Amino acid sequence: MPKEEPKEEPKEEPKEEPKEEPKEEPKPVETAPEFLEKLEPVKVKEGETVTLTCKVTGTPEPELTWLVEKRRIVAVKNR
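Note that the coordinates shown come from a computational prediction; the quantities given were computed from them, not determined experimentally. (Residues numbered from 1 in each chain as written. Predicted model: local features only at pLDDT ≥ 70, side-chain atom pairs only at ≥ 80, totals over all residues. Heavy atoms only, no water.)

1. Looking at the overall build of the chain
Here comes step 1: Regarding its fold elements, the chain presents 0 helices and 4 strands.
Here comes step 2: Scanning the chain from its N terminus toward the C terminus, one meets helices and strands in the order β-β-β-β.
Here comes step 3: In the chain, which comprises 79 residues, the share counted as buried stands at 4%. (Helix = DSSP H or I, 4+ residues; strand = E, 2+ residues; numbered from the N terminus. Buried < 20%, exposed > 50% of the residue type's maximum accessible area, 1.4 Å probe, protein only.)

This is the structure:
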């Protein structure tokens, strides 16, 4: 009786994983600027120093510009 050789089992091909589509970064939600703390009227004499304070929120973060008689003045942020 002839000797039977062991049969090789068919090898399974590796399964190809489904390709993931590149995910887009979520865009930040934009919100309009809103004054949380508004300016209060202040009277000063010419040459005196004054500190103006307000709180504003929004996305992207609002940029404030202080003007006196249509001229830009230096502001210190988060002081």
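After that view of the structure, there is still more to cover.
2. Notes on the environment of Phe35
Here comes step 1: Within the secondary structure layout, Phe35 lies in strand E1 (residues 31–37).
Here comes step 2: For Phe35, a relative accessible area of 45% gives the class partly exposed.
Here comes step 3: Expressed as a C-alpha distance, the spacing of Phe35 and Gly58, which sit 23 residues apart in the sequence, is 9.0 Å.
Here comes step 4: The residues touching Phe35, leaving out its near neighbours within four places in the chain, are Cys54, Lys55 and Val56. (Contact = heavy atoms within 4.5 Å.)

3. Describing the confidence of the model for the chain
Here comes step 1: Taken as a whole, the chain shows an average pLDDT of 80; of its residues, 73% reach a score of 70 or greater.
Here comes step 2: The secondary-structure element of the chain with the lowest mean pLDDT is strand E3 (residues 66–68), recorded at 83, while E1 shows the highest, at 94. (pLDDT = per-residue confidence, 0-100.)

4. Examining the environment of Glu30
Here comes step 1: Turning to its location among the elements, Glu30 is positioned in the segment before E1.
Here comes step 2: On the basis of relative accessibility, which here comes to 65%, the residue Glu30 falls in the exposed class.
Here comes step 3: Measuring from C-alpha to C-alpha, the distance between Glu30 and Gly58 comes to 7.4 Å, with 28 residues separating the pair along the chain.
Here comes step 4: For Glu30, the contacting residues outside a window of four places in its chain are Thr59 and Pro60.

5. Quick notes on the environment of Glu34
Here comes step 1: Here Glu34 is to be found in strand E1.
Here comes step 2: Once the C-alpha coordinates of Glu34 and Pro62 are considered, the two residues, 28 residues apart in sequence, prove to be 8.9 Å apart.
Here comes step 3: Apart from the residues within four sequence positions on either side, Glu34 is in contact with Lys55, Val56 and Thr57.

6. Some words on unusual backbone geometry
Here comes step 1: The step from Thr59 to Pro60 runs through a cis peptide bond, and the omega angle for that step is -5 degrees.
Here comes step 2: Inspection of the secondary structure puts Pro60 in the loop between strand E2 (55–59) and E3.
Here comes step 3: Positioned with a positive phi, Glu69 is a non-glycine residue whose angle comes to about 50 degrees.
Here comes step 4: Counting through the fold element by element, Glu69 comes out in the loop between E3 and strand E4 (71–73).
Here comes step 5: What makes Glu69 exposed here is its relative accessible area of 70%.
Here comes step 6: A positive phi is found at Lys70, a non-glycine position, where the angle reads about 65 degrees.
Here comes step 7: Structurally, Lys70 is set in the loop between E3 and E4.

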